[in-house]
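Structural overview
These are the residues of each chain, in order.
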Amino acid sequence: MNKSSGNRSSGVITGVDVGGTFTDMLVFDSQGSISFAKTPTTIDNQAFGVMNALSQSDVAISDIDTIVNGTTTTTNAVLERKLARTGMITTRGFRDIIELGRRTRPQPYGMFGQFTPIIPRALRLEVSERMDSSGNVLTVLDEAELKQAIKQLLDQNCESLVIHFLHAYANPAHEQRAAEIAAQLWPNAYITTGHSLLSEYREYERGVTASVNAAVQPILDNYIDRLQSELAANGYANELLVMNGNGGMVSASMVAKEAAKTVMSGPASGVMAAAYTAKRAGIRDIITYDMGGTSSDVALILDAIPSVSHELEVEYAMPIHVPMVDVRTIGSGGGSIASIDDAGLLRVGPESAGATPGPICYGRGGTSVTISDANLVLGRLNPDTLFSVDNKISMQQVRDAVDQHIAQPLGLSIDAAAGAILTIANNKMAGAVRMVSLSRGHDPRDFALFAFGGAGPLHAVAIARELGIPNVLIPARPGITNALGCVVADVRHDFVNTINRPLDTIDALQINQTLEQQTARGRALVEAEAVAVEQIECRYSADMQFIGQTHLLNVPLPSTNVTTDTLQQLFEQAYLSRFHVELKEIRASLVNLNTTVIGNRAPLDLSALIDKSQRKPTLNEALITTRPVWFNNQWHDTPVYRRDHIPADARFTGPAVLEQMDTTIIIEPDCTATGDADGNLIIEVAHD
Amino acid sequence: MTKDITQDPITLAVIQSSLQQVCDEMDLSFSRAAFSPIIAEANDRSDGIYSADNGELIAQGALGLPVFVGTMQFSTRVLIEMINDEKIAAPEPGDIYIVNDPYLGGTHLMDVRFAMPYYHNDEIFCWLSNTGHWPDIGGAVPGGFSANATAVEQEGLRLPPVKLFKRGELDNEIYSIICSNIRVADQRIGDVKAQSAALLVGRERLDQLVSKYSAPVLKEAIAELRRRAALQMRQRLSSIDDGQYTGTAIVDSDGVVDEPLTIQVNINKKDNNLHIDFDGSSPPCAGPMNSVLATTQSSVYLAMRHIFPDVPINAGAFEPLHIKDPKGTFLYAEYPRPVSGCAAEVSQRIAEAVFAALVPALPERVSAAPAGTSGNFALGGTDPQRGQSFVMYQLSGGGYGGTHDHDGLTNGCSTIGISKSPPVEVMEQYFPVLYREYALREGSGGAGEFRGGFGIRYSIELRRGEATASFVMDHGRVGPQGVLGGKDGMPNSVTVWRNGEQYIPLHLSKDQGIAITAGDRVEVGTPGGGGFGNPKNRSIEKIQSDLDNGYYTVQQLEESYGVKLN
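Because the structure is predicted, anything quoted here is derived from the model rather than measured. (Residues numbered from 1 in each chain as written. Chains lettered and ligands numbered in written order. Predicted model: local features only at pLDDT ≥ 70, side-chain atom pairs only at ≥ 80, totals over all residues.)

Concerning the overall build of chain B
- Counting its regular elements, chain B contains 12 helices and 20 strands.
- Against the compact-globule benchmark of 24 Å for 566 residues, chain B has a radius of gyration of 24 Å, which places it among compact chains.
- Overall, the C-alpha framework of chain B stretches about 75 × 60 × 40 Å when taken along its three principal axes.
- Every one of the 566 residues in chain B was classed for burial, and the buried ones make up 61%.
- In chain B, of all internal contacts separated by at least 6 residues, the share reaching a separation of at least 24 is 74%. (Helix = DSSP H or I, 4+ residues; strand = E, 2+ residues; numbered from the N terminus. Rg over C-alpha atoms; globule rule 2.2 N^0.38 Å. Buried ≥ 20, exposed ≤ 12 C-beta atoms within 10 Å, placed from the backbone. Contact = placed C-beta atoms within 7 Å.)

Regarding the overall build of chain A
- Along its length, chain A carries 17 helices and 36 strands.
- For 688 residues, the compact-globule estimate of 2.2 N^0.38 gives 26 Å, and the C-alpha radius of gyration of chain A, at 26 Å, lies within 12% of that figure.
- In terms of principal-axis extent, the alpha carbons of chain A reach across some 80 × 60 × 55 Å.
- Here chain A, with 688 residues, has 54% of them falling under the buried criterion.
- Long-range pairs, those at least 24 residues apart, make up 68% of the contacts in chain A between residues at least 6 apart in sequence.

Comments concerning the domain arrangement of chain B
- Each domain of chain B was delimited in the assignment, giving domain 1 (5-231) and domain 2 (367-566).
- Of the residues lining the interface, 15 residues belong to domain 1 of chain B; the matching set on domain 2 of chain B comes to 17 residues. (Domains from an automatic or database assignment.)

A look at the sheet that holds strand β5 (residues 123-133) of chain B
All names here are of chain B.
- The sheet built from seven strands is open, its strands ordered β2-β1-β5-β4-β3-β6-β7 with antiparallel pairing. The open sheet terminates on both sides in strands that have one partner only, identified here as β2 (57-60) and β7 (169-170).
- Sheet topology note: the strand β3 (residues 96-99)/strand β6 (residues 162-166) ladder contains three bridges and is antiparallel. Paired with Tyr97 across the bridge in β6 is Lys163.
- Where helix α5 (residues 188-213) meets the sheet, it contacts β1 (45-51), β3, β4 (111-120), β5 and β6, and its direction lies at approximately 145° from that of β5. (Pairing = 2+ DSSP bridges. Axes fitted to C-alpha atoms, helices over the stretch in contact; angles between N-to-C directions.)

Regarding the domain arrangement of chain A
Residue and element names in this part refer to chain A.
- Segmenting chain A into domains produces domain 1 (85-189), domain 2 (336-424), domain 3 (490-600) and domain 4 (609-684).
- Inter-centroid distance (C-alpha atoms) of domain 2 to domain 4 is 25 Å.
- With eight residues of domain 2 at the contact, the number on the domain 4 side is nine residues.
- Residue classes in the side of domain 2 that touches domain 4 are distributed as three nonpolar, three polar and two charged. (Nonpolar A, V, L, I, M, F, W, Y, C, P; charged D, E, K, R; others polar.)

Digging into the sheet that holds strand β10 (residues 160-164) of chain A
Residue and element names in this part refer to chain A.
- Reading across the sheet, the four strands line up as β7-β6-β10-β11 and stay open at both edges, with parallel pairing between neighbours. Looking at strand neighbours, the two that pair on one side only are β7 (124-127) and β11 (191-193), the edges of this open sheet. Adjacent strand axes in the sheet meet at a mean angle of 20°, parallel and antiparallel pairs treated alike.
- In the packing of helix α4 (residues 143-155) onto the sheet, the strands contacted are β6 (86-91), β7 and β10, and the crossing angle to β7 comes to about 170°.
- Sitting on the sheet, helix α5 (residues 173-185) is in contact with β6, β10 and β11, with an inclination near 175° to β11.

Some remarks on the interface of chain B and chain A
- Opposite the 67 residues of chain B that make contact, chain A presents 59 residues.
- Elements with a minimum of two residues in the side of chain B that touches chain A: α1 (9-33), α2 (37-40), α5, α6 (215-237), α7 (293-307), α10 (424-430) and β14 (433-440) of chain B.
- In terms of residue count, α1 of chain B provides more of the side of chain B that touches chain A than any other element does, 13 residues in total.
- Of the residues contributing to the side of chain B that touches chain A, the split by class is 30 nonpolar, 22 polar and 15 charged.

Focus: the environment of Ala268 of chain A
All names here are of chain A.
- With respect to the helices, strands and loops of the structure, Ala268 is situated in helix α9 (residues 265-280).
- By C-beta crowding, Ala268 is classed as buried, having 29 other C-beta atoms within 10 Å.
- Along the primary structure Ala268 and Val308 are separated by 40 residues, whereas in three dimensions their C-alpha atoms are 9.7 Å apart.
- When near neighbours in sequence (up to four residues on either side) are disregarded, Ala268 contacts Met243, Gly245, Asn246, Gly247, Met324, Val325 and Val327.

Examining helix α13 (residues 414-439) of chain A
Residues and elements named next belong to chain A.
- When the terminal C-alpha atoms of α13 are compared, their 38 Å separation across 26 residues agrees well with the 38 Å that a helix rising 1.5 Å per residue should span.
- Where burial is concerned, most of α13 is hidden: 19 out of the 26 residues are buried.
- In the stretch just after α13, Gly441 is the one whose phi turns positive, near 85°. (Expected span 1.5 Å × (residues − 1).)

Regarding the pairing of strand β2 (residues 13-18) of chain A
Residue and element names in this part refer to chain A.
- Within β2, six of the six residues are buried, which leaves the element mostly enclosed by the surrounding structure.
- Judged by which residues are buried, β2 turns out to be covered on both faces: Ile13, Gly15 and Asp17 on one side and Thr14, Val16 and Val18 on the other are all buried.
- Bridge count between β2 and strand β3 (residues 22-28): six bridges; the pairing is antiparallel. Counted as the bridge partner of Thr14 is Val27 from β3.
- Connecting β2 to the antiparallel partner β3 that follows it, the hairpin turn spans three residues.
- Note that β2 and strand β5 (residues 66-70) share five bridges and pair parallel. Bridged to Val16 within β5 is Asn69.

Description of the confidence of the model for chain A
- On average, residues of chain A carry a pLDDT of 91, and 97% of them reach 70 or more.
- Low pLDDT (under 50) marks residues 1-9 of chain A, which in the prediction has 32 contacts with non-local residues, meaning those over four places away or in another chain. (pLDDT = per-residue confidence, 0-100.)

Structural notes on the nonpolar core
Residues and elements named next belong to chain A.
- One finds Ile421, Leu449, Phe450 and Val472 to be the most contacted residues of the largest nonpolar core, which totals 365 residues.
- It is helix α7 (residues 203-233) that provides the largest number of residues to this core, a total of 13 residues.
- The residues contacting Leu449, other than those within four sequence positions of it, are Ile287, Tyr289, Ala460, Ile463, Ala464, Ile469 and Val472. (Core = buried A, V, L, I, M, F, W, Y, C linked by C-beta atoms within 7 Å.)

Here's what the structure looks like:
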């Protein structure tokens, strides 16, 4: 338990983020003090770990005004296919849509791999009904058949139900009627219609999204119920809030209805915290780099707003098409394994030692050399801290492994071999970050790199150097960024309606009405939430394309009042800046209209994230030790500072190592770090 | 740098991934900016870097269409030879050649290749080249896939290598000749700009690499990486016992003469090399199922890459694969043999024959036969309601073969492609059709210890007006082969219901010009994958689960597996 104080006065707000390994908690108390804790995640029942984290706080649960929880309950349920038994009713002739997918394979090369549908075929039934693509009824819904199908699924012990009809985005009448009938027969509220989460065309993606939603609803509900009653028993009087994948929070009573939105909420929280932190530091365009044990997450923030996508996949052939913070996972983490291939070249990844058995240096039985082991050998990680956990492994054992697996085959010294692992790993990660940026049409050199996660600050400066990125920002608490995201998040609701018609056949009134309806729905939802907001902000955008194209471009709109001429102009501008191609000859088409309604919460002061009373007046007093650290093919005697002790306005040039409870920061030689009022370090990266 | 780059595995690894990155960025740039869905969404394109001396592959984008894995090195080599022989104009900085001639190292006419010399100090250091599938290139039928063309002239406009860009400027005269010979020409400018811009992205990124490492070091590194890739491929080949391996695949017909064509591949493994010939394959055919040499060779490379996906793609990886020119067969097409079916259909079947040959040697790396056809159904007509003509394509997947430890994938993409099929909801929006069914094709996966994946079954009805249907598919006569005791997958089937009467194409999987009117329906069943291993060894739980999910009838399962179910 760590605690520090600031000078802010309001209610007590607590963020608890449940990650794969750790449950992190952050409390902003009414005096402006901030305290935090890191406890192990309890896999089978995450609520237990949350309660455990809360018990670490000095603030009694009964004194907390707001608790916001980020959970991986639904993520794990989907990835491990530990789902509620779910039935599906579709248009006759189309029950196999969610099993057939879009004709793909897991990798471009290799004829291996399998796909398990979210709902098995035996639980997918068909009824007579049909709309055409304009929403005209071709075959009326056969209600007798429908009732029969519902009863059959109940007999097969289904807990949740999906109703997924073709073209329901164009006319939801049949889905709505079917849901009405189902509600009379189904014993619970776990009924999801295809159009309700996202009124967007594409039957596979919409169907999978609805299926995931239904299949995780009971699981999320159970978790929330358990946690709520535990909290209530301990005196928490208000409603729990839960993080969504769009980076916003939602009341516990509303979250299960759209449970699919929580599936990718963990990474989203971190990105929200990054946007919030960087904006306070005056930096508005950032690439976030969250490096963990098995993989790293990368996201883009433009003008302080995280990019959102509604076309993300959780894994192969598992699209969840609801608006989510656009976080891309790249395959390298601290546990990525280094090896020599048949061509005698050094490779890092894609194999990973993960958390178990993990890197050799964790002493959990890992025998393969990983990125973390290389960091240790090179003095970048503190051996005393690492080995203090359990003395099963010694530095010599790690060095021996590097020698045997890497150094000897390459004819290098152990130190040079470990250095080579980092060179290859950083090169690879930089390449992946670059592709993420370019695929969204942006040059990474126009951004600052925001590093967090346990391992992000170890590699960020080296990666920025590879990419030509000028600045790296390391927040005060890189290891608990997701929990911070829970605390700073706003209330948020997103809406998408498919139009999909040539621009010149649409009138401005229709555009205006659609956006206004979305806004009204959003406002009503924000007002129904259990959390106070200062103001409501609305963002509008259109997904557009040239007629004949299939890829979409998102175009921000200034208001709900836009003429089609303005739309055409905005689209052409956006197209030119993204693709560097001008196509004045070709007509545009309006595919989707989108509205985001955000209830902004009162701003929070982050300056107490590092306790001011711990700060020393000079940098020298923050020095813990000096140890040799390997940079640029040689050892350098490198100062090691305690992060919490450095003066807030410290300015110093690398090489340097900063250690703190939740991470280690490496400042590469010739790069200069400067502290700021919120405890961030902003590093100017030296480029050759 | 003083250090010998060939002895520096770290810098080599970094250069290797940097070259790969250049190609990946070219791929990305091409797809992002391309106009045609076939490039932008289906990724029917590829970008690479080729040797200045002989066009050999140096690096290629990871997400390029698999069938292009080796083709551009042939077209670049031909280009270099033609320049050396002064048959075409000598290159200057900023020039981009365009070529789609299949006989000059290509595939079919729709695959249009661009090639740009990359200069360093006034000398050509390497070539940058890319291929994009244009949605139309003229010829008898929209889209180019004529099922019964008998000469290449019927298939579309054929371009020898000519400079489309001269010193960076588009040559409008040549461009107007192209536009006058293709359909929907007004949209092509979007693809031409994207295709050339991708090469410029490659040039810019190569400039950075050259300035970082210097041209001589880079050149040496490229040679060393080639050597090491060859080493790596030989290492992999060493897991195959020396000896002779043979595989065959049967193509239904050439679309003109209703007779099956045989692909026979004979592989001799010796000294960690594969000596591959196609002796015993059918002679050149009258219809468009001939394959040009570049496509035949590329199909072998693509099959090997599916078997050993982790060997990096460059000319070194192909070095241990010695392919004898299959002269005298339909896999060595010469002018004016029609070739439109080679890239989409014959190439897959060649890969299938390679799989069939090698599965006994590498049972843990090779699956039973996959569906093996792109399942191309085209419907062209005029929509009376919109007063517009349309051409619609339904390309379909099928089942993959079972493997040594799991059942085959259902509705997988063709081995030579990586593109997604369009949603039914999109097709119905764009075209006057109604899907009556789009379903898993029950019973189609071949039985085995690990069964084949399932094909699909669809039924499409024309809602308005009149249209003509054509089909370029395959595996109609025999299904994808089962291996090591596994049974074959179900063959492809095509049925057209006209005025309530059933019409089955004479060639089963290939036909064109079938007139249909509103209310008529086209029904297609795509092949299931072959089974792997003796069905007797399949676990009863898996058999029961196949029954519960309605994948097979009780009778089918009892017959295939010799069990009694309740």
